[in-house]
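The residues making up each chain are set out below.
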Amino acid sequence: MNETQQTMSLNHLLKAQRGGRSRFEDLVVVPIFAVIVALILGALIMLATNVEPARIAQSYVALLEGSVGSLNAVSETLTAAAPLVLAGLGLALGFRAGLFNIGAEGQILMGGMAAVVVGFSFSSLSPMALLPLSLLAGALAGALYASIAGALRAATGAHEVITTIMLNLISYRLLDYMLRLPSVQKEGRADPISKSVPEAAELPRLLSAIDPNLRVHAGVFLVLLAVVVVYWILFRSKIGFEFRASGENAEAARFAGIRSGIVIVAAMATAGALAGLAGANQVLGVLGRATPGFSAGIGFDAIAVALLGRSHPVGVLLAGLLFGALEAGGRQMQVDAGVSIDLIGIIQALIIVFIAAPLLVRAIFPWGFRKTTGREG
Amino acid sequence: MQVELRGITKRFGEIVANDSIDLTIREGEVLGLLGENGAGKSTLMNVLCGLYSPDAGEILINGEPTVFRGPADAIQAGIGMVHQHFMLVPVFSVTENVVLGVEPTGLLDHLDLEKGRREVREINEAYGLHVDPDGLIETLPVGVQQRVEIIKVLFRSADVLILDEPTAVLTPQEVEEFFQIIDYLRDAGKALVFITHKLNEILEISDRISVLRRGKIVGEGDPAELTRPKLAEMMVGRPVTFDVAKAPVDPGPVLLDVQDLTVLRDNDEIAVDQVSLNVRSGEIVGIAGVQGNGQSALIETLTGLRRAAHGTVRFDGHDITRVSVRKRHTMGIAHIPEDRQRAGLIGKFSVAENMVLNNYYSSRFSSGPQVNWSTVHKSTARAVQDFDVRTPSVFEPVAHLSGGNQQKLVVARELSREARLIIAGQPTRGLDVGSIEYIHERLIESREQGCGVLLISSELDEIMALADRILVMFKGHVVAEYDTAEGPVNKSSIGLAMAGAAL
Ligand SMILES: Nc1ncnc2c1ncn2[C@@H]1O[C@H](COP(=O)(O)OP(=O)(O)OP(=O)(O)O)[C@@H](O)[C@H]1O
Ligand SMILES: [Mg+2]
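Conventions adopted
- Residues numbered from 1 in each chain as written.
- Chains lettered and ligands numbered in written order.
- Predicted model: local features only at pLDDT ≥ 70, side-chain atom pairs only at ≥ 80, totals over all residues.
- Heavy atoms only, no water.
- Helix = DSSP H or I, 4+ residues; strand = E, 2+ residues; numbered from the N terminus.
- Rg over C-alpha atoms; globule rule 2.2 N^0.38 Å.
- Buried < 20%, exposed > 50% of the residue type's maximum accessible area, 1.4 Å probe, protein only.
- Contact = heavy atoms within 4.5 Å.
- Areas by Shrake-Rupley, 256 points an atom, 1.4 Å probe, with all protein chains shown as cover.
- Lys, Arg positive; Asp, Glu negative; His and termini not counted.
- Charge placed at Lys NZ, Arg CZ, Asp CG, Glu CD.
- Patch = residues over 30% accessible without salt bridge, like charges linked within 9 Å, V, L, I, M, F, W, Y side chains within 5 Å.
- Salt bridge = Lys/Arg side-chain N within 4 Å of Asp/Glu carboxyl O.
- Pairing = 2+ DSSP bridges.
- Axes fitted to C-alpha atoms, helices over the stretch in contact; angles between N-to-C directions.
- Buried area = accessible area lost by both parts, 1.4 Å probe.
- Polar contact = N/O pair within 3.5 Å; in protein donor to acceptor, adjacent residues only side chain to side chain.
- Nonpolar A, V, L, I, M, F, W, Y, C, P; charged D, E, K, R; others polar.
- Expected span 1.5 Å × (residues − 1).

Q: What is the right way to read the overall build of chain A from this model?
A: From N to C terminus, chain A includes 15 helices and zero strands. For a compact globule of 377 residues, the expected C-alpha radius of gyration is about 21 Å, and chain A comes in at 23 Å, within 12% of that figure. Based on the C-alpha atoms only, the size of chain A along its principal axes is roughly 85 × 60 × 40 Å. Within chain A, the proportion of its 377 residues that are buried is 50%. Contacts in chain A between residues far apart in sequence, at least 24 positions, make up 74% of those at least 6 positions apart. Accessible surface computed for chain A: about 16,900 Å², of which carbon and sulfur atoms make up 67%. Computing the positive centroid from 26 side-chain charges and the negative centroid from 22, chain A places the two 7 Å apart.

As structure tokens, then:
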């Protein structure tokens, strides 16, 4: 081989192949079809429960309007999407590392609680200091809470699915207990509710100049930053390489000298930090204080978001936006067409079912896909 | 039954894995399929057994054009494949594995295992397989597991059996038995396709030989008229030297010093029993032995993957008995794991990612917390060229590479690092003769540069060709030692020691 040939084929080796069609199908085509099928099935369910076709049409129009039809709708969609994306990113990172973390719910509660406490305890600080401090407290609390499950798994092999579910249950009661502590409870209230955070700790609303009712807040920047950071961690950093290696083939990772214990605890802590941020985002951006169960199931919806996003940061962002839109639109649907918000829950669940069963989607829409040529193993 | 492949073409992206291939498979005949790593053998056979659909060409069964929509269709047509990587459920019994998917059922869909067991026994007897229908897969040696795979195919009444590199994982003894089974099957009128990289095997067992190169059939012949060198040349396109030239090297100081090492298996059985050995710089020490006599546990302990129950391991004067895997890597110990699929590679990762699987953290490939992927890609591209790993790009998932090219990638990774001791477990398993020659040259080159090499191989020929000293392991002990500097070593005496005669 002469010199030029040598360098030519070197360049060739460094050129990515255009054959990424099946990846594209998996990441984009399947989710789109899944959403379509879910909407169709949703309509069928409405039909079966005696909703007239006109109202079905009306409700889907409302769904669209309520999610992207107006500035307010977009604002609501973004507000609902923010915590889903944050927590979903954490879960996605865990999935990549082979950890099935069910505990985002508890981590959100702990993170939110910590953010509130720091917020009202240091209310004299300036916004430049207090907001970052509160967010940090949220991330830290979430990270610590998730590390418990990580440490148990690393030290004793206790499965994280079980331990995080238990930690969720503990977190609900722990929150109730803390909300009644004299130092936390709002003065003059008998029900469990925390003091409000001062304005200096709040995530500022972005569009209040246009309309004070537009709720979208600075948390969306946090979300974008988190997407970039998680992308960097997973695909650019050393620790992310370790996460992915352990998740794909634990034995090969062990042979490569990667210590599974460290990876497990670090991945759980990072996931917990993101969930904690999601909690902080809720209390500092939307609620202004902590109430019992303020996580409102976000930690569970985030599992769906992470799965739907194929555990890829950009995918999680898109999936989070979709779920945010479904939620915001669902509320409109209920108002305009009188269709129960539960239907939105059903549609969300159906989307997940179809995403999780790509073969089913391929079977329903054979013309949407190339013929498969998989290789065993 | 006669199967004819006509003009079969199969592409993966830009790669033409099979390029209008014609091939005929006849009953009562063993067709030997030979070819370099990545030549397209497995792909062709996957087309034949319905896993891949060809981009062009057709399959004729007894003259009838037939289209397979999946493996089930191929099985229906009587074509079954034993894959290189077994597909058995480890916690199931032999019978349970055999009937899996086609379970005989009785009243009310009740699983009739007794019927399955009976049939397994019948197949056993018909083809001299000697497999206990109730044996638990995970407790069976590899050779027996392979026979279970064969029974699986026969149970589905296949007339055409495709065997993809069946002998790669077998001991010489098991290969003998395996050939007997092939003879039975041939006499029973089955049509067989046998893929291997071992030229003497293909010459011994086949009735016809076809050679593939770069997706095309480049030669066909009668084993009686062919020789090893001729076959090798057909395959690789150039003459291959089977003898490695090895200049005498004066060994330097002791690099690896193992004293009284005892290692337990997971179930607390003794795997390595008070073994002492050393490897000096500039020396290749070969460990011969039938698989399962403690070699694997020994390597795992030397590389830090398994704890020593007793004894010490010293590297370059330092006690490393309790040192981590990572630390041993950075001290200069390279390790080619025996089982590339399980331990050496991550199938979904790209070629580049696998190339740095255990040194992504080194200052060559990273700065601060970040991996420098562009450096990794460039250095991978170079290594891929040096070691002739056939891949379209460094971004290709490793699972898409052919078996032998995966192996070459692992070897390339370990031989490219700055190592002073190379622990090589079955480094040439599944490689074609050309690649074996190259890997051997590289190992000898490392030795000449002052590396120590500990070579564990079930290929006695490989050990005899490369090693300066040969140790034989039997039941966890080193039972014999030979020094090639003291004159030629007698192969049969090593064979006897491997069987435990030296005790
Ligand atoms: N699923 C796939 N996707 C992309 N490329 C593939 C795929 N399967 C095989 N190839 C490519 O096709 C070529 C032939 O591969 P194949 O596995 O048939 O080789 P082989 O002759 O069996 O080699 P070996 O002796 O190493 O097992 C290789 O270049 C391989 O990289
Ligand atoms: Mg192959």
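What follows continues from the structure just given.
Q: Help me understand the overall build of chain B in this model?
A: A count of helical and extended segments in chain B gives 17 helices and 22 strands. Relative to a compact globule of 503 residues, whose C-alpha radius of gyration would be 23 Å, chain B shows 24 Å and is just as compact. On the principal axes, the C-alpha backbone points of chain B span a range of 70 × 50 × 50 Å. Within chain B, counting contacts between residues at least 6 apart in sequence, those at least 24 apart form 67% of the total. Of the accessible surface of chain B, which amounts to about 20,400 Å², a share of 49% is contributed by carbon and sulfur atoms.

Q: So what exactly am I meant to see when it comes to a nonpolar patch on the surface here?
A: Residues and elements named next belong to chain A. On the surface, Phe24, Leu27, Val28, Ile32, Ile36, Ile40, Leu44 and Leu47 cluster together into a nonpolar patch covering about 670 Å² of accessible area. Structurally, isoleucine 40 is set in helix 2 (residues 21-48). Residue classification places isoleucine 40 among the partly exposed residues on the basis of a relative accessible area of 48%.

Q: I'm lost on the sheet that holds strand 4 (residues 56-61) of chain B in this one. Help?
A: Sheet strands associate in pairs through backbone hydrogen bonding, adopting either a parallel or an antiparallel arrangement. All names here are of chain B. Taken together, the four strands give an open sheet; going across it, the order is 2-1-4-5, and neighbouring strands pair in antiparallel fashion. Both edges of this open sheet fall to strand 2 (15-25) and strand 5 (64-66), since each of them pairs with a single strand only. This sheet shows a mean twist of 30° between the axes of neighbouring strands, independent of strand direction. When strand 1 (residues 3-12) meets strand 2, the two strands line up antiparallel, connected through seven bridges. Along strand 2, the bridge assignment pairs leucine 5 with leucine 23.

Q: I keep staring at unusual backbone geometry and nothing clicks. Help me out?
A: Negative phi values dominate among residues other than glycine, just as trans dominates among peptide bonds. Residues and elements named next belong to chain B. Within the chain, glutamate 165 stands out as a residue other than glycine whose phi angle is a positive 45°. Structurally, glutamate 165 can be placed in the loop between strand 7 (160-164) and helix 6 (172-187). A positive phi is found at glutamine 274, a non-glycine position, where the angle reads about 45°. Tracing the sequence through the fold places glutamine 274 in strand 12 (residues 270-280). The exposure class of glutamine 274 is exposed, given its relative accessible area of 52%.

Q: Can you help me understand the interface of chain B and chain A in this one?
A: A common way to report how large an interface is uses the accessible area buried once the components associate. On the chain A side, the residues contacting the 50 residues of chain B number 33 residues. Both sides together, the interface formed by chain B and chain A hides about 3,800 Å², and carbon and sulfur atoms give 56% of it. Summed over the shared surface of chain B and chain A, the result is two salt bridges. For glutamate 353 of chain B, the salt bridge is made with arginine 244 of chain A, and the minimal N-O distance between the two is 2.8 Å. The interface formed by chain B and chain A includes 14 residue pairs in polar contact (both at pLDDT 80 or more). Its residues assigned to classes, the side of chain B that touches chain A shows 24 nonpolar, 17 polar and nine charged.

Q: What am I meant to see in helix 13 (residues 373-386) of chain B here?
A: An α-helical turn contains 3.6 residues, so a residue and the one three or four places further along point in the same direction. Residue and element names in this part refer to chain B. For helix 13, with 14 residues, the first-to-last C-alpha span of 20 Å sits near the 20 Å given by 1.5 Å per residue. The complete set of buried residues in helix 13 reads Trp373, Val376, His377, Ser379, Thr380, Ala381, Ala383, Val384 and Gln385. With its phi angle positive at about 55°, aspartate 388 sits one or two positions after the end of helix 13.

Q: Sorry if this is basic, but what is going on with the sheet that holds strand 13 (residues 283-288) of chain B here?
A: Residue and element names in this part refer to chain B. Reading across from one edge, 16-19-20-13-21-22 is the order of the six strands in this open sheet, with mixed pairing throughout. Each having just a single partner strand, strand 16 (333-336) and strand 22 (477-483) make up the two edges of the open sheet. Between one strand axis and the next, the sheet turns through 15° on average, direction left out of account. With four bridges joining them, strand 16 and strand 19 (residues 421-425) adopt parallel strand pairing. If you follow isoleucine 336 over to strand 19, its bridge partner there is alanine 424.

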